[in-house]
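Secondary and tertiary structure notes
Here are the chains, one letter per residue:
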Amino acid sequence: MTGEVESMVQRRRHDLGGVAGSALMLALLAGVASAPLALSSPALAQQGAVAFNIPAQDLNSAILSFAQKAGVRVLFDTARFRGMRSSAVSGTMSPSEALGRLLSGTGLSYNFSGPNRVTISAPQTGGGDVGADGAIALAPVTVETDGTVGFVATRTVAGTKTDTPLIEVPQSISVVTRAELDNRNVQTLLQAVDYTPGVRTGKAGHDPRYDAFSLRGFDMTYTGIYRDGLRLPGANMSVFKIEPYGVESVTVLRGPVSALYGLGSPGGLVDVISKRPVAEPFGEVEVQAGNYDLWQGQADIGGKLDADGKWLYRVTGLLRDAGSPNVDGSGVNNMNFIAPALTWQPSEDTRITLLGEYQDSETPAALPNYAWSGPNNANFNVAYRDYNRQNQFQYRVGYSAEHRFNEVITARQNLRYGEIDTKVRYNISDGILLPNLTAARSTTYVHDRVKSFVVDNQIQADFNTGPVEHMVLVGLDYSYLWLDGGYGFGTGSGFSPIFNMPLWPITDPARTSSGYKQRQTQVGVYVQEQAKYEQWILTLTGRYDWVDTDSEDTLNYTTKDASDTSFTYRTGLTYLFENGIAPYVSFATSFVPNLGVDKSGNPFSPTTARQVEGGVKYVPPGFDGYFTASVFQINQDNGLVADPADPLFQVQRGEVRARGLELSAVANVGAGWQLRGAYTYLDMKNVSGAPATLGLSVSGQPYHTFTFWADYQFQEGTQLAGLGVGAGVRYTGASWGNSLNTFQNSGYTLVDAKLSYDFERMDPRLKGWSGQVNAQNLLDDQYVTCDAGYCYKGTPRTILGGLKYKW
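Description of the environment of Pro-606
With respect to the helices and strands, Pro-606 occurs in the loop between strand S34 (581-592) and strand S35 (607-618). Note: C-alpha distance between Pro-606 and Asp-637 (31 residues apart in sequence) is 8.7 Å. Dropping the residues within four chain positions of it, Pro-606 is found in contact with Asp-564, Phe-591, Val-592, Pro-593, Asn-594, Asp-637, Asn-638 and Gln-652.

So this is what it looks like as structure tokens:
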């Protein structure tokens, strides 16, 4: 494979001082992007000294480490260099000198065509261009990468909306790479984030309908999930669902982020990055099978559409036909998914990527649950199979565009339009009727439709004022959400438990119980400064939002309008030690308007939150790993909870305080090992509000969680080369089962496992073929978890095996 490794650790900047720097700042804040265009480009200068500590290792990995540390593009042939070893590089020196030492003894040569671009070449028997020194240079293909290798990512856009090293973001942040998603064969967004700190999944047991989870104790379902940097808005029963096979990476940013993204959860955000076209032609096809009658086929292909590589494409698709655990009879978990993508890159400074998706899914609408009434009650209510399904159709279309005007100014626009159509059907038993022993049933039918439009416009400026490096971001974003829905109740046909069949079909009841329409618009303006002085990094972010919400009761012909405005901000300070340790401290705020009214018809006030966080990050020099430790306190005001007097309505509680400690580690240890681990301590209490819950813990949130995943690939030269073995453990500690803290959920431990094999090691003619088997909850631990007084069954053991061909 031919590739280019690009690292932007050190950005080319203009030196601006005094009046010139002040003028540029004023021009940016005024939105005048043309002011800096007249500034001259820097000439090729002598490269500065950099501290390197790269041990001898596989050459491809060594070149990647060099590119990340030196901040240069390296063009090289990864396939040709596979199996070669580098020399060690240690000490402070120029990138040119460091690369020379790294390549010592390999017979390879290099040529710097600029301060940030180098080509590594080698003599060949044919092909390529003959250089002045007689060497034949490789013909590199430009492939952009974020420096990700295996489980470890070094950079992110989600933390600052700019390409920034993880170690410089003044908040706790994790990235789950495509390599890890494949390694654990992730089937849901919940599985993707399961091994990251601060995340609580499964609070309502096994639920395939939604990507519902909490972060630092706060729900993420409606306001915390993003796709390609843009919020995935949802309402009522219509929430965009993520198919992980179409995902390149998942970033988990913990703590309030309203200063950049507008309305959002105090717990943070999860940004899902879609798969995008790459220049190198590739393809894979896989067939999978598993328990609960699962059959799945998936394919991912892409490459160039023209010889120059200005047009690139990618198509990702999946078909799944499966049963679903924890339901009566024939509950299903089916999916039809396709995501095309097209990139146009007319020059190195301009890129536009079109992103699309079509998705059609079906899951159960109701899963086993019961209301807690004592330790001896475990009488689960189960909906009969003939009227228990949730069908959801969704699609999205949009683009990501970027243009670099010069060495200072870059403009970006991300845009997406999407729709969801959700139909929910379920039934409940009203008791057994004598003498025919049939179950009388009631039915519920919900139909919700959502339309959404989101656009984010950004201008970024990179420049210097004396010894201070600046990265200034100015943005304007807009979002629109439209909901049209309603629900109705009816009487269903009887069901015979003896013959396990309904007496006659059920028709959908009319939506006469509730009808509603809601429209919400949001406009936000934000400014961010990332200033670097020597080892200090100061991050300042401020934003102002205007939100208008119109609600209409289509049955009673009443309307309610609400307008909310808010200023949110984030301040962060980081210090970068030369040994890779980076302590930081930050303060951030968030807000989210609340839709709906209470039982008396009064609209809700916005929910607000503030967080203080401190921690330390560690990226060891010469070691492919990322380690973090953080402590935090979040205070949330006016959060919504179920009304104790009538659970059909909501009320606003007073203040909730979440305090916690998070530890995280991810590393490619070498010699075939890849690891990820996390520990979370969370103490979440009601500090004001209803007297009955004052000082008590929030239900469903354990004090302790721990996860650890390890994967080992047997190395070349061993008898088991090609075999991969992985295992993981997920521990969830005890938590309270209701808001009055009268009973507890017991802690539980789940074990996951993986086995893979590359068949080329068996026979070279099988190149590209591989097999993999993954198990979730391998020991089939039967557990129940309760939240807000209701109890649910956890996910039982699931096993999934696949056969893949890659080219």
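Digging into the state of the cysteines
Think of a disulfide as a covalent bridge from one cysteine sulfur atom to another cysteine sulfur atom. For the structure shown, the criterion picks out one disulfide. Paired through a disulfide, Cys-786 and Cys-791 show a sulfur-sulfur distance of 2.1 Å. One disulfide, between Cys-786 and Cys-791, carries an S-S torsion of 105 degrees and so falls in the right-handed class. Residue classification places Cys-786 among the buried residues on the basis of a relative accessible area of 3%. The class of Cys-791 is buried, set by a relative accessible area of 0%.

So, the pairing of strand S12 (residues 173-176)
Because side chains alternate across S12, one face comprises the buried residues Ile-173 and Val-175, and the other comprises Ser-174 and Val-176, equally buried. Bridge analysis of S12 against strand S18 (residues 247-254) gives four bridges, and the strand direction is antiparallel. Within the sheet, the bridge partner assigned to Val-176 lies in S18 and is Val-250.

Considering the sheet that holds strand S48 (residues 790-793)
Across the sheet, which stays open at both edges, the three strands sit in the order S25-S48-S47 with antiparallel pairing between neighbours. Both edges of this open sheet fall to strand S25 (369-371) and strand S47 (784-787), since each of them pairs with a single strand only. The mean inter-strand angle of the sheet, taken between neighbouring strand axes irrespective of direction, is 25 degrees. Alignment of S47 against S48, held across four bridges, turns out to be antiparallel. Within S48, the residue paired with Cys-786 across the bridge is Cys-791.

Some words on the pairing of strand S29 (residues 468-496)
It is a general feature of regular strands that their side chains alternate between the two faces of the sheet. Within S29, 21 of the 29 residues are buried, which leaves the element mostly enclosed by the surrounding structure. Sheet analysis places strand S28 (residues 438-465) next to S29, joined by 26 bridges and oriented antiparallel. Bridge pairing in S29 links Val-454 to Ser-479. As judged from the 20 bridges shared by S29 and strand S31 (residues 514-533), these two strands associate in the antiparallel manner. Looking across to S31, one finds that Leu-473 is bridged to Gln-528. In this sheet, strand S30 (residues 501-502) lies alongside S29 in antiparallel orientation, the contact comprising two bridges. Its bridge partner lying in S30, Phe-495 is registered against Pro-502.

Cut-offs and rules
- Residues numbered from 1 in each chain as written.
- Predicted model: local features only at pLDDT ≥ 70, side-chain atom pairs only at ≥ 80, totals over all residues.
- Heavy atoms only, no water.
- Helix = DSSP H or I, 4+ residues; strand = E, 2+ residues; numbered from the N terminus.
- Contact = heavy atoms within 4.5 Å.
- Disulfide = S-S within 2.5 Å.
- Buried < 20%, exposed > 50% of the residue type's maximum accessible area, 1.4 Å probe, protein only.
- Pairing = 2+ DSSP bridges.
- Axes fitted to C-alpha atoms, helices over the stretch in contact; angles between N-to-C directions.

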